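# Understanding the architecture of this molecule
Each chain is listed here by its residues.
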Amino acid sequence: MDPLFLYREPWLQLDLRDRMEVTAVATQGRYDSSDWVSSYLLLYSDTGRAWKQYRHEDGRFAGNVNSEAVVQHKLSHSVRTRFLRFIPLDWNPSGWLGLRVEVYGCSYKSDVADFDGRSSLLYRFNQKSMSTVKDVISLRFKSRQAEGVLLHGEGQRGDYITLELHRAKLALYLNLGEKFSSSRVAVTLGSLLDDQHWHSVLIERFNRQVNLTVDSHTQHFRTKGEGDSLEVDYEGNVTFSCSEPQLVACTFLSSSSSFLSLPAAASAMGGFSVRFQFRTWNPDGLLLSTRLNPEPQRLELQISNSRLRLTLHTSGQQKSEVSTGHRVNDGLWHSVNLDTRNLHISLTLDNEPASTIELWEQLESRGSFYFGGCPSTGCMNPTLAFQGCMRLIFINSQPMNLNHVQQGMLGNYNELQFDTCNIRDRCLPNLCEHGGQCSQSWSSFYCDCLGTGYSGATCHSSIYEPSCEAYKLTGSSSGYYSIDPDGSGPLGPTQVYCNMTGEITARVWTVVTHNSTAPVRVRGSSPQKPHVTKFNYSASAEQLRAVITGSEQCQQEVVYSCRKSRLFNTRDGTPLSWWLDGGGERRTYWGGFLPGVQQCSCSLEENCMDMNYFCNCDADTDVANDTGVLSYKDHLPVSQIVIGDTNRTGSEAVYRVGPLRCYGDKSIWNAASFYQESSYLHFPTLQAELGSDISFYFKTSVPSGVFLENLGLKDFIRVELSSPSVVTFSFDVGNGPVVLAVKSHVPLNDRQWHYVRAERNVKEASLQVDQLPLRFLEAPADGHLRLRLNSQLFVGGTASRQRGFLGCIRTLTINGVTFDLEERAKVTPGVSSGCPGYCSGSSSLCHNRGRCIEKSSGYVCDCSQSAYGGPACKEEVSVSFDRESSVTYTFQEPFSVMQNRSSQASSVSRETSRFREDVAFSFLTSQSPAMLLTVSTFSQQYIAVILARNGSLQIWYRLQTDRHPDVFSPTPGNLADGRLHQVRIHREGKNVYVQIDQDVHRKYTLSSDAELILIKSLTLGKVIGKSSHSVKQVMHAGSKGFVGCLSSVQFNHVAPLKAALLNRGSSLVAIRGPLVQSNCGVLAESTTSHTLLDKEQHGNDTRNDSAVIVGLFSSLCHRQAQRNASIKEKEHRHNMETAYRAELHLHNPVRDNMKEYYI
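Numbers given to residues run from 1 along each chain, matching the order in which its sequence is written. Totals for whole chains, interfaces and linings use all residues, but because this is a predicted model, local features are given only for residues with pLDDT of at least 70 and pairs of side-chain atoms are given and counted only at 80 or more. Processing note: side-chain calculations cover all non-hydrogen atoms of the structure and skip hydrogens and water entirely.

To keep it simple, the criterion reads: UniProt positions are given in the numbering used here, feature names are shortened, and annotations may be inferred rather than shown by experiment.
Naming follows an unreviewed UniProt entry, where the protein appears as Contactin associated protein family member 5 of Myripristis murdjan. Reading the Sequence similarities (unreviewed entry) entry of the UniProt record for the protein gives the comment "Belongs to the neurexin family."

### Some remarks on the side chain of D486
The condition is simple: Numbering of helices and strands starts at the N terminus; helices are DSSP runs of H or I of at least 4 residues and strands are runs of E of at least 2. Whenever two N or O atoms come within 3.5 Å, that pair is a polar contact, provided that in protein one can donate a hydrogen and the other can accept it, and provided that, for residues adjacent in sequence, both atoms are side-chain atoms. Residues count as neighbours in contact if any of their non-hydrogen atoms are within 4.5 Å of one another.
Relative to the helices and strands, D486 resides in the loop between β37 (479-483) and β38 (494-499). At a separation of 3.1 Å, a polar atom in the side chain of D486 contacts the main-chain amide nitrogen of L491. Setting aside residues up to four positions removed in sequence, D486 forms contacts with L491, G492, N815 and G816.

### What about empty space enclosed by the protein?
In plain terms, the rule: Think of a 1 Å grid over just the protein atoms. A cavity is a set of points where a 1.4 Å probe fits yet cannot get out, a pocket is an open set with protein on both sides within 12 Å along at least five of seven lines, and lining residues have an atom within 4 Å of a point. Grid points are joined across faces, edges and corners, and a volume is the space filled by probe spheres set on the points. Under the scheme applied here, ten amino acids are nonpolar (Ala, Val, Leu, Ile, Met, Phe, Trp, Tyr, Cys and Pro), four are charged (Asp, Glu, Lys and Arg), and all others, including Gly, are polar.
Under the criterion given, the structure shown has 7 cavities of 30 Å³ or more. Its boundaries defined by the atoms lining it, the largest cavity holds a volume of some 140 Å³. F731, V733, N735, A779 and P780 are, among the 19 residues lining the largest cavity, the residues nearest its centre. Mapped onto the lining of the largest cavity, the elements with two or more residues apiece are β55 (726-732), β57 (754-761), β58 (764-769) and β59 (775-778). Per-class residue counts for the lining of the largest cavity are 9 nonpolar, 6 polar and 4 charged.

### A short note on the sheet that holds strand β14 (residues 209-214)
Basically, it comes down to this: DSSP bridges decide pairing: two strands pair if at least two such bridges lie between them. Lines fitted to the C-alpha atoms define the axes, with helices restricted to the stretch that makes contact. Angles between their N-to-C directions range from 0 to 180 degrees.
Strand order in the open sheet formed by 4 strands is β8-β13-β14-β15, and the pairing between neighbours is antiparallel. Pairing within the sheet leaves two strands with one partner each, and these edge strands are β8 (134-141) and β15 (217-222). Averaged over all pairs of adjacent strands, the angle between their axes in this sheet comes to 10°, without regard to strand direction. By the bridge criterion, 8 bridges tie β8 to strand β13 (residues 199-206) in an arrangement that is antiparallel. Bridged to V136 within β13 is E204.

### A look at the state of the cysteines
Condition: By disulfide we mean two sulfur atoms from cysteines, separated by a distance within 2.5 Å. For each residue, the accessible area found with a 1.4 Å probe, counting protein chains only, is set against the maximum for its type, and the residue is called buried under 20%, exposed over 50%, and partly exposed in between.
By the definition in use, this model includes 12 disulfides. The partner cysteine of C449 in its disulfide is C459, sulfur to sulfur 2.1 Å. Sign of the S-S torsion, about -95° for the bond between C449 and C459, identifies this disulfide as left-handed. With C449 in the loop between β34 (445-448) and β35 (454-455) and C459 in the loop between β35 and β36 (461-462), the pair connects residues that are 10 residues apart, well separated along the chain. Look at C449 and you get buried, because its relative accessible area is 4%. A relative accessible area of 0% places C459 in the buried class.

### Points about a nonpolar patch on the surface
Test applied: Patch membership needs two things, relative accessible area over 30% and no salt bridge, and members are linked within 9 Å if like-charged or within 5 Å if nonpolar (Val, Leu, Ile, Met, Phe, Trp, Tyr). Methods summary: accessible areas were calculated by the Shrake-Rupley approach with a probe of 1.4 Å, and residue burial reflects only the protein chains presented. Basic side-chain nitrogens of Lys or Arg form a salt bridge, by our definition, when they fall within 4 Å of a carboxyl oxygen of Asp or Glu.
A surface patch of nonpolar side chains, about 270 Å² in accessible area, is lined by F938, I1013 and L1014. Relative to the elements of secondary structure, F938 occurs in the loop between β70 (930-937) and β71 (942-947).

### Notes on unusual backbone geometry
That bond from L428 to P429 is cis: its omega, 0°, falls within 30 degrees of zero. By the element assignment, P429 lies in the loop between β32 (416-418) and β33 (437-440). For the bond running from S928 to P929, omega is 0°, close enough to zero to count as cis. Positionally, P929 belongs in the loop between β69 (916-925) and β70. Positive phi values are uncommon outside glycine, yet H434 reaches one of about 55°. Counting through the fold element by element, H434 comes out in the loop between β32 and β33. With relative accessibility at 22%, the residue H434 sits in the partly exposed group.

### Things to note about the sheet that holds strand β22 (residues 298-304)
Ordered by their spatial adjacency, 7 strands build an open sheet running β24-β23-β22-β21-β28-β19-β31, and the pairing between neighbours is antiparallel. Edge positions in the sheet fall to β24 (319-324) and β31 (412-414), since each of these pairs with one other strand and no more. Ignoring strand direction, the axes of neighbouring strands in this sheet form an average angle of 15°. Where strand β21 (residues 285-293) and β22 come together, 6 bridges link them in antiparallel fashion. Bridge pairing links R291 to R298 in β22.

### Re the nonpolar core
The cut-off we apply is this: Nonpolar cores were defined as sets of buried Ala, Val, Leu, Ile, Met, Phe, Trp, Tyr and Cys residues, with membership established by side-chain atoms within 4.5 Å.
Of all hydrophobic cores here, the largest spans 46 residues; its most connected members are F881, F921, F923, L933 and L1020. Sequence-distant contacts of F923, that is, excluding residues within four places in its chain, are made with L932, L947, L975, R979, L980, H981, V983, F1042, C1045 and L1046.

### Concerning the packing of aromatic side chains
Any two aromatic rings considered together are summarised by their centre-to-centre distance and by the angle between their planes. Our working definition: When the centres of two rings from Phe, Tyr and Trp lie within 6.5 Å, Trp using its six-membered ring, the rings pair. Their planes under 30 degrees apart give stacked, over 60 give edge-to-face, and anything left gives tilted. Working rule: Lys NZ or Arg CZ, within 6 Å of ring centre, within 35 degrees of ring normal, means a charge sits over the ring.
Tallied over the full model, the rule gives 29 aromatic pairs. Ring geometry for Y697 and Y755: centres 5.1 Å apart, planes at 50°, overall tilted. Linking Y697 in strand β52 (residues 691-699) with Y755 in strand β57, this pair joins segments that are 58 residues apart in sequence. Note on accessibility: Y697 and Y755 belong to one class, buried. Positioned over the ring face of W333 is R391, at 4.0 Å from the centre of the ring. Lying over the aromatic face of W509, R661 brings its terminal NZ or CZ to 4.3 Å of the ring centre.

### Observations regarding helix α6 (residues 1032-1040)
Side chains of residues three or four places apart in an α-helix project in the same direction, reflecting 3.6 residues per turn. Let me state the cut-off plainly: Picture the helix axis, draw a direction to every C-beta atom, and the arc is the one those directions span.
Residues of α6 that are buried: V1034, A1037 and G1038. Looking straight down α6, one finds its buried side chains confined to an arc of 100°; they lie on one side. Turning to α6, the residues buried within the fold contact β70, β71 and β72 (953-958). Of the residues one or two after α6, G1041 is the one with positive phi, at around 70°.

### Quick look at the confidence of the model for the protein
The line we're drawing: Confidence of the predictor at the level of single residues is given by pLDDT, which spans 0 to 100.
Across the protein, the average pLDDT comes to 82, with 84% of residues at or above 70. The low-confidence segment residues 233-242 (pLDDT under 50) makes 48 contacts with residues lying over four places distant or belonging to another chain.

In structure tokens:
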């Protein structure tokens, strides 16, 4: 390439003389000079006219750093092409462009057939009819049409296979003998396949299992129909067009500065006409603008809200408009024809009827036509500039040569890429997880997580807790809950019953029901024709396995009563009855006994009716019972039961299989103590190419240390305590190091538990510490996506054995998988299992966000950030209100929910805070309408939770003062029914999650994700004085106040009801009207809990011969809040290690005793 280039956007083009398969490219600077290219784009083409960009990571190739070294790139997927074009992006600023290239590959030959839309290729098999069990069909195609049949075949019995293009995607129809199908259902794959470039297709079928691969994307599916073979005796028309000439397009790259100006060609008929094609993903953008004679008229054609809108601006503010089309931003090519002749303006889109604007006089264009946007002078952008592709531009029926534009011979342009339509489908592959729906613009994609049970930019994070134990730690009571046992893993949520009744040390039971919990009477069954019942659980087999594996202990009661119905008493030892475990394996031991032998619980307890037999029923008497509890976790749950000896006279059996019941969460209290700076735990390489979430708890007294680290050749990921009050999350995926930091207002090395959650995906990265505001960074739009790691994952230290962590880490979970720190610590020097201290015991000592704080001779519960009180933060704080009562909590200073700021950020990422609120309270009333809670700001924003006139709950959000408030009504029923109701509201950006009582979480979307700016106060009950509420319904509820019981009110870290009772007379709390502390919430919740418990225990009476094999139950305290502690200098590491060893030895006996005491 000549460094003294003349073109505005120079490039180097290679003609390989024939189609070749290119596998690698290499570049070098100009010999003995300061001229080299440091980054470039690579395009390829079969014809040298229509080009396609090779997608390499973020799109660009790294070039040279000097003139002599060779930089080679092996292509991740080879390309078959004749022409290559290198487009320099950056070069040595001290020199000129200098580029030498070398291309690696081999020759490529292939037979080609050309179709014009009317022709076909017919293939006849040697035999008239052929039936196949396995098929492999492969082909490559290219087209400029979005519709067309590639392949079709059918058989006499109704089998058929059809492969066709539809809306530029590939659709496969395959039927194996389904004769009564009312409609054809296609499997679709691929996108933008009408780009005039070669695409490969592979269809692999074995019986009814099919793999469809288009380019590098594969979809697996199972065919409809009853057959396993494909019978084809006729193959018909292939109507597919791939004809020349190739259509040359240009790409508008910028939504602010791209434009193409073209002169108006002369028209002999007066007026003017413009015709062109476009494609885009953006819902808004300017397509065409021109000034008109007579002045000051102008004409604008734009995409607005995904429709095409034509606006004629006349004098002053007058204008005429027409709109046409629907979803013109679907990524497909659309044809536009604009004609101003014959005293009207006619707008035609594709094949739709024309839309017209009538004229009083003939219009003429004045000056140039501006496509896609406007320069700084000449026209005015009414909206964003167009981002997308255009081709086939005609002005007054004259074609516009874009090559002349590029060479400076015609018109003018800015931020355009010629000879290619550089559109890409960012939803292929779909990077939205857990079934999230993907939508896109030109530069990004978006995930709609509605109804998935997940949240976040890519629907990665579960909105549910992983276990009933976790729900109890958040202050929940017994009821039905959705749990997600593998968190952000693939399994999804399932609904269970959580039994949380009892004292502090009581077990939390997770109950999973099935379809047959009622007693079943069996008669007439025999070994040849046994009675069989399959149990379908409310969770999938995978979810059940996750619940069981993560629990301390599981059990399932099997009640079996018999009359002359044996279980195992046969001459040859063949069992007459049995059950299948969760994996489908036959099990012949009965309830209460150990696996592996044909015995019942009475044999284990040595109290069988007849000691000659191992089961009571095997004595073959009139009435017997072999009830017991199955508790071997690996065999649970019972998936099927088989009864085979009730066909004799007077013989019968009655059985009932209870629900699966588990307690304990092994992950919550899985901990390790690090007492040497050079020590660490190592695990396999983190699987986190496209995304990962990391969460854990820590406690320490040292000022800094690395929690975990995983390295690649250049990429890395790291979470560390960088100073006594700062946690940082850093990583590099190839775009340069990114650092997220959360700073706490109090030290984090206070020997108390603190929570950390870091997440990184292709859209953003986030970091949360305790209840501090969430920090997050948006990823660059076209940056590197994949985090490439190759070393082991180091926990509690680094590969260099420096900056190691001293303290405790527990509940380490990555992508829904909990790491067993205790087991790995047993074989690692410098690390021990568990964690010293009273607050690391197995019991939940502090509840409802209460924080366990270590003391020299015990512990105390800090309930300052909990809405509850008492020694264990478990006592309800309830107050009775009447119509004139109100509590107003005034924030100490104008308070922003998001106060935290990160100290560092990558220059290529945009850092912002995700605005969020957490609200929780319980109420009991018979009055409606009523004001429950309202939060107001100095900027006239507000949140209001009211009961409407009909008793339904309404949640009002006014975040934008120039818009009408958003309102949601989660339950249409009357909640003013004299019963206690629990309300939980969580907002994150635009998404609001609401839970009423034990109902599932409901998600709502706000019209804005704005921050509550300068929060002024929170009011419970009657609103007195001037109100910021702009809606009569809310104002009316505020004037009516609230009559009833409010209990355990929490807004973020503020507990206003408790503050009102503990700080009477404080300037922060204003109390008006009667306000009486009450136990109304406790009494009401007690009644509700007993009702739910009775419901769960219905039919689960304890029978004789029951036995439960219970393992150890150990769990640690819950975290929250902070306390100041002294900070030691880094040079005292050795002393700290010694102190940790001493503390570990001192507290281990105490911790063990605590575990035993709380069993």
